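A closer look at the structure
Listed here are the chains, written in short residue letters.
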Amino acid sequence: MPVALTPSGRIIVCDGCNAALEQVTDDMRHPLPPEQARRLYGKTEIEFVVCAPLPDGTQPCLELARVHEDLADQDRCLRAGCPTLGHCP
């Protein structure tokens, strides 16, 4: 099965279910709100890449990605200058 790769050669996976993606189309890209992206990652141009919509138009993987991000946001260190994106040592 062919898979989509980043410019550095890493396999692109769904941010919701973690499945390898064969290709990435526009309907699979969902930007995070700039203020959330800046708070969490220090950048404003961050996006979720999730599995393509189902035939009924829903994207359950997008909802999973949002839940994962909300849970991770609650776990992140808010201490200024902390180098971790997860738990502080």
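Described below are features of the structure shown in this document. Everything quoted here is computed from the prediction, not taken from an experiment.

Glancing now at the overall build of the protein. From N to C terminus, the protein includes 2 helices and 2 strands. Put simply, the protein runs from its N terminus to its C terminus through helices and strands in the order β-α-β-α. For the protein, the residues scored as buried account for 25% of the 89 residues in total. Within the protein, contacts between residues separated by at least 24 positions form 35% of all contacts whose residues are at least 6 apart in sequence. Accessible area for the protein stands at about 6,300 Å²; split by element, carbon and sulfur atoms hold 56% of it.

Residue asparagine 18 is not a glycine yet carries a positive backbone phi of 70°. Accessibility expressed as a relative area gives 57% for asparagine 18, which makes it exposed.

All right, on to the side chain of glutamine 59 then. Its location among the elements puts glutamine 59 in the loop between strand S2 (47–49) and helix H2 (60–75). Separated by 3.0 Å, the side chain of glutamine 59 and the backbone oxygen of aspartate 27 make a polar contact. Ignoring anything within four residues of it in the chain, the contact list for glutamine 59 reads Asp27, Met28, His30, Val50, Cys51, Ala52 and Pro53.

With that settled, the discussion passes to the nonpolar core. Ile12, Cys14, Leu21, Phe48 and Val50 are the most contacted members of the largest nonpolar core, which has 13 residues in total. Counting only elements with at least two residues in this core, the list comes to S2 and H2. Excluding its chain neighbours within four sequence positions, the residues that come into contact with valine 50 are Cys14, Asp15, Gly16, Leu21, Met28, His30, Gln59, Cys61, Leu62 and Ala65.

Another point: helix H1 (residues 34–41). Of all the positions in H1, only Gln36, Ala37 and Leu40 are classed as buried. Mapping the buried residues of H1 onto a view down its axis gives an arc of 100°, with all of them on the same face. Of the residues one or two after H1, glycine 42 is the one with positive phi, at around 75°.

To continue, consider the pattern of salt bridges. The tally for this structure, following the rule as stated, stands at 2 salt bridges. Arginine 66 serves as the salt-bridge partner of glutamate 63, at 3.3 Å between the closest nitrogen and oxygen. In this pair, glutamate 63 and arginine 66 both sit in helix H2, 3 residues apart, roughly one turn of the helix. Taking the relative accessible area as the measure of exposure, glutamate 63 reaches 45% and is therefore partly exposed. Judged by its relative accessible area of 38%, arginine 66 is partly exposed.

Rules used throughout
Residues numbered from 1 in each chain as written. Predicted model: local features only at pLDDT ≥ 70, side-chain atom pairs only at ≥ 80, totals over all residues. Heavy atoms only, no water. Helix = DSSP H or I, 4+ residues; strand = E, 2+ residues; numbered from the N terminus. Buried < 20%, exposed > 50% of the residue type's maximum accessible area, 1.4 Å probe, protein only. Contact = heavy atoms within 4.5 Å. Areas by Shrake-Rupley, 256 points an atom, 1.4 Å probe, with all protein chains shown as cover. Polar contact = N/O pair within 3.5 Å; in protein donor to acceptor, adjacent residues only side chain to side chain. Core = buried A, V, L, I, M, F, W, Y, C linked by side-chain atoms within 4.5 Å. Arc of directions from axis to C-beta. Salt bridge = Lys/Arg side-chain N within 4 Å of Asp/Glu carboxyl O.

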